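# Observations on the model geometry
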Amino acid sequence: MSDPLHAVSERFALAFATVAGRFADPIVRPSDHADAQINGALGVAKELGTNPRQVAEQVLEAAGDVSDICSSLEIAGPGFINVTLSNQFLSTQLKSVMSDQRLGVRVAPTRIMAAVDYSAPNVAKEMHVGHLRSTVIGDSIVRLLEFVGHTVIRENHIGDWGTPFGMLIEHLIDMGQDTAAQELGVGDLDNFYREARNKFDVDDAFKERARARVVLLQGGDTETLSLWRTLVSESTHYFNRVYQLLDVLLTDADIKGESSYNSLLGPVVERLRLAKLLETSDGADVVFPAGFNNRDGDPLPLIIRKGDGGYNYATSDLACVIDRTERLGASLLIYVVGAPQAQHLKMVEAVATQAGWLTPPAQMMHVAFGNVLGSDGKMLKSRVGDTVKLAALLEEAVERATVAIAQKNPEMAVDERSQVAHMIGIGAVKYSDLSTDRVKDYVFDWERMLSFDGNTAPYLQYAHARMCSIFRRAGVERISVRSVGPIIFDGREHTLAIRILQFDSAVWDALDKYSPHRLCTYLFELATDFTAFYEHCPVLKADTDEQRMSRLYLCDAAARVLECGLNLLGIRAPEQM
Ligand code: ARG
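The present account deals with the structure reproduced in this document. (Residues numbered from 1 in each chain as written. Predicted model: local features only at pLDDT ≥ 70, side-chain atom pairs only at ≥ 80, totals over all residues. Heavy atoms only, no water.)

### Details of the sheet that holds strand β1 (residues 28-29)
If you walk across this open sheet you meet the four strands as β1-β2-β4-β3, and the pairing is antiparallel. Here the strands that pair on one side only, and so sit at the sheet edges, are β1 and β3 (70-76). As judged from the six bridges shared by β3 and strand β4 (residues 80-85), these two strands associate in the antiparallel manner. For L73, the partnering residue across the bridge sits in β4 and is V83. (Pairing = 2+ DSSP bridges. Helix = DSSP H or I, 4+ residues; strand = E, 2+ residues; numbered from the N terminus.)

Quick look at the structure:
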C-alpha cells in the first residue's frame, strides 16, 4: 500500500494495541492541521475511562522511534495526534512507487470474472442521456476492474426484442427497407418509432398486422427475421457512431441483446416450475419473491410469462443471470442501470437466488445512477422539447471545445487542434457525468463542463499538458529524470508527493464503491496540488541542477498519475493544448 497514511496506521497499530489491551484502529485521517491526524485515542480513552491526552501520550511512548516515517508528532486538542511525514520517507516511497508500472496500485487479492452490463440502449429508439450515463460510468468501471487484474466481460444488453417489434417491422415494410434504413441510418430513430406508434394507435388494420408480425417473429419466420435484422443493424450502426465519438471500449462483439436469450426463456420457466417457485396469478406465470410487497402490503409478483404467452423483461434478465453465472462463470454481475430499475433488479436477484442460479460468492450489484437535468432542473430535453440526440450532443461538445481551444491557444496547428478539441469536448461531457456522485442527478451545463477552471476535464487535461510542456521547454526526455531521486524540501513538494502516493487508495476507493467520482475528486486535488507546486517552486529556474532534476521528477510523476487516472475514467490526456 503506497498511501503514507496507511504506513502511519500500520506503524501505530501495535502501539494502540499495547495501550488498549486489544486491537484498536488508530483511525488515521487527512487533516487541515497536519499531513494526517491520528484520532484513535479518543475511543480508547472512553473505553478505559481515562483521559484521551494521556492515552495519546502513552501511544507515542509505546510507538517508540518512528522518525523514519514521521518528522514530527504533536498531541493536539482533546487527544488527537498530528503527524508530519518525513521528507526522506516520502522521497524513498515515491521512488519505489514510480518505478512500478502500476504506479503503486495494488492488484486484487483474488481475481474474479465480472460481467458488466452497461449502455444497453433500445433498438429503433434514440439513445437517451440515461444511456449516456450508463455507457460512461460502465466503461470506467470496466477499466478499473481490468486495471486491478479482474477479467471483465462487457455485455451490452440492448433492447432488441418484444412486442413493439411487430409494429416496427410493419412500418419498415410500409416505408420500404431502403428509405427506412436511411432514416434510421442518420440516427432519426425516435421519428421512426413515433410514426410506427402513431399508426398502431389509430389504424386498426395496422394494429392487426403488427400483432400477426410479432407471432411470425417469435416463430422464427425467415423473412420477418431478416426485416428485424435490418432494424437492429441500422440501430447498432448508430449506437456505434456514438460509442466511437465517446471513445468507449464497447464494440459489436459486446452486444448481447435481449433477443440472444430467446432459447433460454422456455428453460427459465421450466426451471422455476421444477423449483416450485412458479405460481399463476391473473392467468400469468409469476414468482412471488420473499420480502416484496406493494403499497397495500400484498405480495408483489415478478411476471415471468404473460397471459398471452409472451415473456417479459424480467424473464430475459433471469435468463441473463443463468447465462452469466453458469455459462460464462462470472461471479460478479454488475448492472449499470438507472435508479428507477432498482426494484426490478432486486426482484430478479431475489428470484435468481431462490432458484439457486445465484449462489455466493456470485453476486449481483446494481450500480444505479440519477438523471441528467437541463438548466431548468427538469429532465434534459432538446430545444424543441424532445429527446436529445446523443450523437448531436457529442458533436456539439467537440465544436464548443474547438472554439475554447482556439481562444486558449491560437497558435496550435489546425489538425492538431481538431484532435485536441475532440479529447477536450468528449472528455468534458464524460467528466461532468463521472465527477458527481452517480446516485445524484446532475445538471448538464456546457459552460461549467468546458471551463478550464474547477473540477472539470479541461482543467485536468490542461494540468497534464502543462506538466508535459515543461519537458519540451527544458529539452529533457521525461524518461531520463526517472533514475534520479526526488529531494522533497518545500511544503508544496511535500504535499504533492503525498498526493501522488495516494493514487492507490483513490483507485481502490473508487472501485470499492463503484464510484468513479471519487477518483475524479482525487485527480482534481492532484492537479490543484501540482498547480500550487508549479506556481511556487521554479522548475526550469531552480537554484541547483539537482533541484531542477528533482522537480522535473515530480512533474513527470504527477503527469503519469494524472494520465493513468484519466485513462481509468476513459478520458484522454493530450500532451499539448
Ligand atoms: N434497455 C434497458 C433500458 O433502456 C436497459 C437494460 C439494462 N440491462 C438489463 N440487464 N436489464 O432501460
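Text resumes after the structure shown.
### Brief notes about the pattern of salt bridges
A full pass over the atoms with the stated rule returns 30 salt bridges. Between D174 and R209 there is a salt bridge, and its shortest N-O distance comes to 2.4 Å. Highlighted residues: D174 in helix α6 (residues 164-175) and R209 in helix α9 (residues 204-218), separated in sequence by 35 residues. R209 sits in the partly exposed class, given a relative accessible area of 32%. Close ionic contact of D556 with R482 constitutes a salt bridge, the shortest N to O distance being 2.7 Å. (Salt bridge = Lys/Arg side-chain N within 4 Å of Asp/Glu carboxyl O. Buried < 20%, exposed > 50% of the residue type's maximum accessible area, 1.4 Å probe, protein only.)

### Brief notes about the side chain of T135
Structurally, T135 is set in helix α5 (residues 129-147). A polar side-chain atom of T135 sits 2.9 Å from a polar atom in the side chain of S119. If we skip the residues at most four places from it in the chain, T135 touches Y118, S119, M127, Y243, L246, V248 and L250. (Polar contact = N/O pair within 3.5 Å; in protein donor to acceptor, adjacent residues only side chain to side chain. Contact = heavy atoms within 4.5 Å.)

### Examining the packing of helix α7 (residues 177-185) against helix α10 (residues 222-246)
Packing of α7 against α10 leaves a shortest axis separation of 9 Å and a crossing angle of 25 degrees. Judged on the interaxial angle alone, α10 and α7 are roughly parallel. Read as a crossing pair, α7 and α10 show a hand that is right-handed. Contacts between α7 and α10 pair Q177, A181, L184 and G185 from the former with L227, T230, L231, E234, Y238 and R241 from the latter. (Axes fitted to C-alpha atoms, helices over the stretch in contact; angles between N-to-C directions. Parallel < 35°, antiparallel > 145°, perpendicular 65-115°, else oblique. Left-handed = near helix turned anticlockwise from the far one by under 90°.)

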